[in-house]
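Structural description and commentary
The primary structure of each chain is shown beneath.
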Amino acid sequence: MERDAVEHYVTYLPDADIDATLQARLDELSRAGTRPNTLRAYERDLAYISAWKRLTFGRDLEWPESEAVALRFIVDHSESLADKPTRHPPRRVAEALVAAKLRRSLDRPAPATLDRRIASWRKFHNQRRVESPFASASVREARRNARRAIGHRPPPKAAKPITIDVLEAILAACPTTLGGMRDRALLETAWASGGRRRSEIAALHHDDLCLDHFDTKGIVRLRLIQTKTTDAGQVPTLALSGRAARHLVAWLDAAQIKAGPVFRAVSKSDRPLERGLTDSGVRDVIRAALRRAGFAKGFTSAHGLRSGFLTQAARDGVSMQAAVRLSLHRSIEQASRYYQDAELEDNPALGLLDRRR
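For the structure given in this document, a descriptive report is provided here.

So, how was this worked out
Residues numbered from 1 in each chain as written. Predicted model: local features only at pLDDT ≥ 70, side-chain atom pairs only at ≥ 80, totals over all residues. Heavy atoms only, no water. Helix = DSSP H or I, 4+ residues; strand = E, 2+ residues; numbered from the N terminus. Contact = heavy atoms within 4.5 Å. Areas by Shrake-Rupley, 256 points an atom, 1.4 Å probe, with all protein chains shown as cover. Pairing = 2+ DSSP bridges. Axes fitted to C-alpha atoms, helices over the stretch in contact; angles between N-to-C directions. Buried < 20%, exposed > 50% of the residue type's maximum accessible area, 1.4 Å probe, protein only.

**Some remarks on the overall build of the chain**
- Regarding its fold elements, the chain presents 17 helices and five strands.
- Counted over contacts in the chain with a minimum sequence separation of 6, partners at least 24 positions apart contribute 64%.
- With the model as given, the accessible surface of the chain reaches about 20,000 Å², and the carbon-plus-sulfur share is 51%.

**A closer look at the environment of Leu 61**
- Within the fold, Leu 61 resides in the loop between helix 3 (36-57) and helix 4 (67-76).
- When the C-alpha atoms of Leu 61 and Leu 46 are compared, they prove to be 9.7 Å apart, with 15 residues separating the residues in sequence.
- Aside from chain neighbours lying at most four places away, what touches Leu 61 is Leu 46, Ile 49, Ser 50, Lys 53 and Trp 121.

**A few points about the sheet that holds strand 1 (residues 209-210)**
- As summarised here, the arrangement of the three strands in space is 1-2-3, forming an open sheet in which the pairing is antiparallel. Each edge of the sheet is formed by a strand with only one pairing partner; in this case those strands are strand 1 and strand 3 (237-240).
- Where strand 2 (residues 220-223) meets strand 3, four bridges bridge the pair, whose relative direction is antiparallel. Residue pairing across strands places Arg 223 opposite Thr 237, the latter belonging to strand 3.
- The strands that helix 12 (residues 242-254) touches are strand 1, strand 2 and strand 3; relative to strand 2, the one it contacts most, it runs at about 80 degrees.

**Re the pairing of strand 2**
- With burial as the criterion, only one face of strand 2 is covered, namely that bearing Val 220 and Leu 222; the residues Arg 221 and Arg 223 on the opposite face remain uncovered.
- Inspection of the sheet shows strand 1 paired to strand 2 by two bridges, in the antiparallel sense. Bridge assignment links Cys 210 to a residue of strand 2, and that residue is Arg 221.

Here it is as structure tokens:
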């Protein structure tokens with residue numbers, strides 16, 4: 001779906017009390033205040049919701065939408081359709097969505113996926129200043145029942161954290177090529193700077209680096225323009241030291257990067273390209289590195305760098321406040337579970353039974 005199509009839904013519509021000039025400013029403010037990743041998520045959700053309604057009801061989206069449509073959306077996405085008869089209407093709709101590459105399979109969507117699509121739908125209603133059917137008592141009750149029927153919490157983002165032992169194994173398996181040099185620098189930069197998200201690594205440009213103190217102190221400063229949990233202009237400067245800083249500078253020198261993306265594609269002939277890695281490109285680098293080191297498919301995800309940094313900090317006795325200043329978690333509560341897990345494993349009371357022998 002084109003960007004201007006989704007902006008039709010995520011910006012304010014004209015109102016009798018809003019003149020054209022103010023309307024244009026509100027539209028621009030809405031676009032400027034929406035992060036690129038969020039806008040892309042809106043695009044995907046809008047494309048899915050629009051296609052689902054046309055296939056199910058033969059009509060386009062309406063504003064406000066009816067409770068019947070909202071209830072049908074919840075019910076159709078709260079059961080697995082793979083075992084349903086081929087003539088079952090929701091299954092036929094799901095098959096069409098799979099064919100259009102808007103849906104992955106006939107399996108029941110993850111609760112988080114359904115929640116996100118509903119949240120987007122409500123957002124579209126709010127920004128058109130009409131009441132969403134998802135706020136009604138009957139629809140809220142249906143959503144609660146759907147959650148109970150599913151009967152489980154969504155899985156964590158990463159099954160395993162990339163702690164220092166895992167990271168060392170991955171780094172040792174990096175080849176002695178320019179591509180391997182890039183992978184080593186990427187992995188160490190992402191991990192050592194607090195467990196950066198792949199979108200933050202992909203967005204890193206040479207202008208965001210300060211190398212003024214590298215020769216004298218061995219430190220590289222990183223300036224993140226924007227992260228998932230902080231707004232532009234509010235992100236503090238982070239720092240790399242030790243081998244992470246050395247390998248990052250070695251990659252920059254070897255690839256002769258003096259401007260543009262820091263982490264970029266490498267050709268099959270092992271030459272650096274102008275094209276920077278995307279979010280999915282960073283993910284693929286991490287997956288390939290895990291594979292080279294002998295880890296099974298699905299062992300972890302890119303989020304493992306983030307969870308691994310905090311898990312290792314907890315194991316090594318680093319204060320949570322110090323770790324969070326690097327990881328930039330929105331709250332201490334979000335980071336505390338990694339510390340709780342480490343404290344549980346190290347609890348001296350665990351060995352009471354064995355010490356009684």
